[in-house]
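Spelled out, the chains give:
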Amino acid sequence: MNNLKRNIKILFVVFSVLFFSLIGYLSYFQLYERNKLITSSYSVYNKRLIEQEKKILRGSILDRNGNILAKSEIINNEQVRQYPDGPAFANVIGYSRRIYQQGSAGIENAYDKELLGMINKDPMTFLRETILGKGQRGDNVILTLDKNLQNVAYNALGDRKGAVVALDPKTGEVLAMVSSPSYDPNTLGKNWNTLMNSPDAVMLNRATQGLFPPGSVFKIITTSAALTYKPEILNQIFDSKGYIVVDGNKINDYGNIAYGTIDFKKAFYVSCNSVFIQVGLEVGRSNLENMADKYGINGAIPFDIPTAANQFPSIPVFGGKVQLAESSIGQGKILVTPLTMALMASAVANDGVIMKPYLMKYVQDPLSGDILEKTTPTKYLNPISPDVANKIKQLMVGVVREGTGTAAQIPGITVAGKTGTAENPHGKSHAWFVCFAPAENPKIAVSVIVENGGTGGDVAAPIASEVMKAYLSTNSK
């Protein structure tokens, strides 16, 4: 009898432990992992969850002026996601697996929880929404993008491959972000396989995930290193023969142009490679690497949507002279995103400070108008001093006034810019231009790349000029 009682007690203890473990396990997921599971990619396989969430009318995505960029409507008892401006915004807005069940991307993915109305939803809030008739409806996400500016940038690129990024250098607000070629998100479900296998990579956001050699726009960073660590270089005189030989390797200037005796300012205006190689060698490996790191050229930029990691491979202490020379003019192994180059220009525009870039301005309850989430501008990096920033600004003004960037001029507005023509071993050079305006009180910083476009001054600068002109025509004060 005693053994029987003892066995019953053991069984009771075992079942009790199992029972409370199960309760604890379920409570943990309910309290701590519920939202994560719902918004993670794994929930795409949860058919019951998908069907339940289809009953939630997904929130809208709007631009900074209240223009609708994405909205949901019930048509024939089915929720349909609509994108009024189609391809111009596709690579930023992205798409949702809640609609297509093929994956998520862009803002639709980054703010999925908000668009499903899953933030700050306590029982009282739910009751109030039910009484007010809101029902199952997601919240609206308002972006920093300017619809008109986005369309200007997209049309300016036209059929060419490339990207445009425009931002407010004083806040980090992204005003336009264009990637071309693009796709029509309204027909995504129908054309999914074709788009995913496109040889032109139409679903790649080139602005944040495209990696390109920067070419001569990188000379802004070389100049930053020179003026920070070797400020006497600004007053030096150089000899330009149209080429330079480094450790037995001949590196030519663009077009083999020999400028003869030339000062640093003129070399910046005309983007003289041989002079900047001399500057880079004088600045030194560690100083150039340190400055590149200060500009964030050694990793990914923190942002609302995924960004590719910039690459600035370490230069060997021994035998790295040629790599240092190539790095000084933005060639060799350096790879950057157009977003990173826009931030580089913004540092010069904003007294040496790079503000953290962002796309989400705020999240709003569509019924009450309450602001549920809001992004506050924050400092991201501080690569150069205000004095160095001001000196580079004057150099960039000279580029547009009398150098390689005259195609970016805007009557009545002082534009500061830098051209880049990045050599590409797989074809025609990539055309770059980075800039900001007005130079006296910058309102907008822009980065443009046209893949295989040719020279930056001829191809990318006019696009940047159109974008700046459009923005400043309504935001000059």
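Going by an unreviewed UniProt entry, the chain carries the name Cell division protein FtsI and comes from Aceticella autotrophica.

Before going further, it helps to spend a moment on the packing of aromatic side chains. One pass over the full model with this rule turns up 5 aromatic pairs. Consider the rings of Phe264 and Phe276, whose centres lie 5.4 Å apart with planes at 45°: the pair is tilted. Of the two residues, Phe264 sits in helix α12 (residues 264-270) while Phe276 sits in helix α13 (residues 273-283), which places them 12 residues apart along the sequence. For the pair Phe264 and Phe276, one class covers both residues: buried. Ring geometry for Phe268 against Phe276: centres 6.1 Å apart, planes inclined by 55°, an arrangement best described as tilted. Taking the relative accessible area as the measure of exposure, Phe276 reaches 0% and is therefore buried. Three or more aromatic residues link up through ring pairs in this structure, and these residues are Phe264, Phe268 and Phe276. Its guanidinium or amino end placed over the ring of Tyr243, Lys250 lies 4.6 Å from that ring's centre, counting from NZ or CZ. Positioned above the aromatic ring of Phe268 is the side chain of Lys418, whose terminal nitrogen or guanidinium carbon lies 5.7 Å from the ring centre.

The next point concerns the packing of helix α8 (residues 147-157) against helix α18 (residues 456-472). Packed helices, taken two at a time, are described by their axes: the angle between them and the distance between them. Axis separation between α8 and α18 bottoms out at 9 Å; the angle between their running directions is 160°. Relative to α18, α8 is oriented roughly antiparallel. For the crossing formed where α8 meets α18, the hand is right-handed. Taken together, the residues of α18 that come into contact with α8 (itself represented by Leu149, Val152, Ala153, Ala156 and Leu157) are Ile463, Glu466, Val467, Ala470 and Tyr471. Residue classes in the contact of α8 with α18 are distributed as 9 nonpolar, no polar and 1 charged.

Here we come to the sheet that holds strand β16 (residues 427-437). Across the sheet, 5 strands lie side by side as β6-β5-β17-β16-β15; this open sheet has antiparallel pairing. Both outer strands of the open sheet, β6 (174-180) and β15 (416-424), are each paired with one neighbouring strand and no more. Taking each pair of neighbouring strands and ignoring which way they run, the sheet shows an average axis angle of 5°. Looking at chain direction, strand β5 (residues 162-167) and strand β17 (residues 444-450) are connected through 6 bridges and run antiparallel. Looking across to β17, one finds that Val164 is bridged to Val448. On the sheet, α8 packs against β5, β6 and β17 and is oriented at approximately 30° with respect to β6.

Turning our eyes to something else, we now look at the pattern of salt bridges. Counted under the stated rule, the structure contains 12 salt bridges. Between Asp200 and Lys161 there is a salt bridge, with the nearest N and O atoms lying 3.1 Å from each other. You can see Asp200 sitting in the loop between α9 (188-196) and α10 (206-209) and its partner Lys161 sitting in the loop between α8 and β5, a full 39 residues away along the chain. Its salt-bridge partner being Asp387, residue Lys391 comes within 3.2 Å of it at the nearest N-O pair. Taken as a pair, Lys391 and Asp387 lie in helix α17 (residues 386-402) at a separation of 4 residues, close to a single helical turn. Take Lys391: its relative accessible area is 33%, and that puts it in the partly exposed class.

Met177, Ile220, Tyr295 and Ile297 are the most contacted members of the largest nonpolar core, which totals 93 residues. Counting residues per element, this core draws most heavily on helix α16 (residues 338-349), at 9 residues. Ignoring anything within four residues of it in the chain, the contact list for Met177 reads Val92, Leu145, Gln150, Val164, Val165, Asn205, Ala207, Thr208, Phe303, Ile305 and Leu339. Counting residues in each nonpolar core, the second largest holds 30 residues, with Ala153, Ala176, Ala437 and Ala461 among its members.

End to end, α18 covers 22 Å across 17 residues, agreeing with the expected 24 Å (1.5 Å per residue, within 8%). Counting buried positions along α18 yields 12 of 17 residues, so the element is predominantly enclosed. Within α18, the full set of buried residues consists of Gly456, Gly457, Val459, Ala460, Ala461, Ile463, Ala464, Ser465, Val467, Met468, Tyr471 and Leu472. Against the buried residues of α18 lie α8, β5, β6, β15, β16 and β17.

The step from Ser180 to Pro181 runs through a cis peptide bond, and the omega angle for that step is 5°. By secondary structure assignment, the location of Pro181 is in the loop between β6 and α9. Each neighbour pair has its own omega, and for Ala437 with Pro438 the value is -15°, a cis peptide bond. One can find Pro438 in the loop between β16 and β17. For Asp247, which is not glycine, the phi torsion reads 50° and is therefore positive. With respect to the element layout, Asp247 can be found in the loop between β8 (243-246) and β9 (249-252).

Conventions adopted
- Residues numbered from 1 in each chain as written.
- Predicted model: local features only at pLDDT ≥ 70, side-chain atom pairs only at ≥ 80, totals over all residues.
- Heavy atoms only, no water.
- Phe/Tyr/Trp six-rings, centres within 6.5 Å; stacked < 30°, edge-to-face > 60°.
- Helix = DSSP H or I, 4+ residues; strand = E, 2+ residues; numbered from the N terminus.
- Buried < 20%, exposed > 50% of the residue type's maximum accessible area, 1.4 Å probe, protein only.
- Lys NZ or Arg CZ within 6 Å of the ring centre and 35° of its normal.
- Axes fitted to C-alpha atoms, helices over the stretch in contact; angles between N-to-C directions.
- Parallel < 35°, antiparallel > 145°, perpendicular 65-115°, else oblique.
- Left-handed = near helix turned anticlockwise from the far one by under 90°.
- Contact = heavy atoms within 4.5 Å.
- Nonpolar A, V, L, I, M, F, W, Y, C, P; charged D, E, K, R; others polar.
- Pairing = 2+ DSSP bridges.
- Salt bridge = Lys/Arg side-chain N within 4 Å of Asp/Glu carboxyl O.
- Core = buried A, V, L, I, M, F, W, Y, C linked by side-chain atoms within 4.5 Å.
- Expected span 1.5 Å × (residues − 1).

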